[in-house]
Structures are given as structure tokens and as C-alpha cells.
Amino acid sequence: MTVLLAGGLPDEPTIFTMAHELKHHLVDFKAGTLLCRTDEQAKRIEIGAEVFAAELIYPERDFVYDLFRLIRGMPQSVGPETLAELKQKTETTLSYAALAKRAVLLRLAEEKAFKEIRWQDLQRRSNQK
Ligand SMILES: [Zn+2]
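These numbers come from a predicted model, not from an experiment.

Caption draft 1: Fine view of the overall build of the chain. Within the chain one finds six helices and zero strands. Viewed in the frame of its principal axes, the chain has a C-alpha envelope of about 45 × 30 × 25 Å. Considering the chain as a whole, with its 129 residues, one finds that 32% of them fall into the buried category. By sequence separation, contacts in the chain at least 24 residues apart represent 57% of the contacts at least 6 residues apart. As displayed, the chain offers around 9,200 Å² of accessible surface, 53% of which is attributable to carbon and sulfur atoms. Across the chain, 19 positive and 19 negative side-chain charges occur, with their mean positions spaced 4 Å apart.

As C-alpha cells, then:
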């Protein structure tokens, strides 16, 4: 198997892409040569690879455990600041977008809480704490 990745990317997208491709290698190898596509036919395979990569990089169970420890209890609602702090403390390479998506899927946050968020600014502020 050969995996081609774009060169010069930061660690975060490189690690995610490698995990994504690992799913293709382990599960989708019967499909033969596979190019990551976004068309309707490939959607199911690609979503599976995204979920696999997110789970490999930062398992959902660890995310919930770390989040509850950070908040010290059951969160009422998780916002961008909390996720920025979580990312900074755990040093996970899972992206902010993936962390936010997971919080929404687990019904710990509403999707609108993450619209137009400037994650880099939040990260800078979180790092200064
Ligand atoms: Zn793919």
C-alpha cells in the first residue's frame, strides 16, 4: 500500500490524514485503489475514515473523561473556551472543528455556539493562562 500525503502541512492535519488513510488501508482495501473523494458514492467510506481518525487520535471516552475532569462535573453546556482549554491541557492533535463536532454530537453543546469562532485567538488566550 502506498499513501500519498501533501507535504509541508502542520502536524495536526498530517496526523489526521495518516489516521484517515489507515482506515482505508485496514477496512477499505478491497475497493482497490482509492482516492479520497466527496461525491455521494464515496461519502459513506469517507465519513467512516473521518470518524475512525478522530477516534484513533482522541477516543471519545477520553474526551468525555477529560472534559468532565476539566469542568469538575457534568457540564451544562460546553463552549469554545472550554474546548480550547481542553485542547491545550490534553495536547490532543484533534482539530477544534472535530472537538466542536463531537461536543455537538454528544449533545454537550449546540452547533450555533461554534459558528464564526476564531479558534487561533482562543488558543492564544488559553495558552496565556
Ligand atoms: Zn479518504
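Caption draft 2: Quick look at the packing of aromatic side chains. By the definition in use, this model includes three aromatic pairs. Between Tyr96 and Trp119, the ring centres sit 4.6 Å apart and the planes meet at 10°, which makes this aromatic pair stacked. Linking Tyr96 in helix 5 (residues 96-105) with Trp119 in helix 6 (residues 119-128), this pair joins segments that are 23 residues apart in sequence. The same class applies to Tyr96 as to Trp119, namely buried.

Caption draft 3: Quick peek at unusual backbone geometry. Positive phi values are uncommon outside glycine, yet Arg107 reaches one of about 60°. As for its placement among the helices and strands, Arg107 is situated in the loop between helix 5 and helix 6. Accessibility expressed as a relative area gives 78% for Arg107, which makes it exposed. The phi torsion at Glu116 lies on the positive side, around 55°, for a residue other than glycine.

Caption draft 4: Quick peek at helix 2 (residues 40-57). Helix length check: helix 2, at 18 residues, gives a terminal C-alpha distance of 26 Å against a target of 26 Å (1.5 Å per residue), a fit within 8%. Among the residues making up helix 2, those that are buried are Ala42, Glu46, Ala49, Ala53, Ala54 and Ile57.

Caption draft 5: Fine view of the environment of Lys89. Relative to the elements of secondary structure, Lys89 occurs in helix 4 (residues 80-90). Of the residues examined, Lys89 reaches a relative accessible area of 54% and is grouped as exposed. Each C-alpha atom of the pair Lys89 and Ser126 lies 9.2 Å from the other, and the pair is 37 residues apart in sequence.

Calculation rules
Residues numbered from 1 in each chain as written. Predicted model: local features only at pLDDT ≥ 70, side-chain atom pairs only at ≥ 80, totals over all residues. Heavy atoms only, no water. Helix = DSSP H or I, 4+ residues; strand = E, 2+ residues; numbered from the N terminus. Buried < 20%, exposed > 50% of the residue type's maximum accessible area, 1.4 Å probe, protein only. Contact = heavy atoms within 4.5 Å. Areas by Shrake-Rupley, 256 points an atom, 1.4 Å probe, with all protein chains shown as cover. Lys, Arg positive; Asp, Glu negative; His and termini not counted. Charge placed at Lys NZ, Arg CZ, Asp CG, Glu CD. Phe/Tyr/Trp six-rings, centres within 6.5 Å; stacked < 30°, edge-to-face > 60°. Expected span 1.5 Å × (residues − 1).

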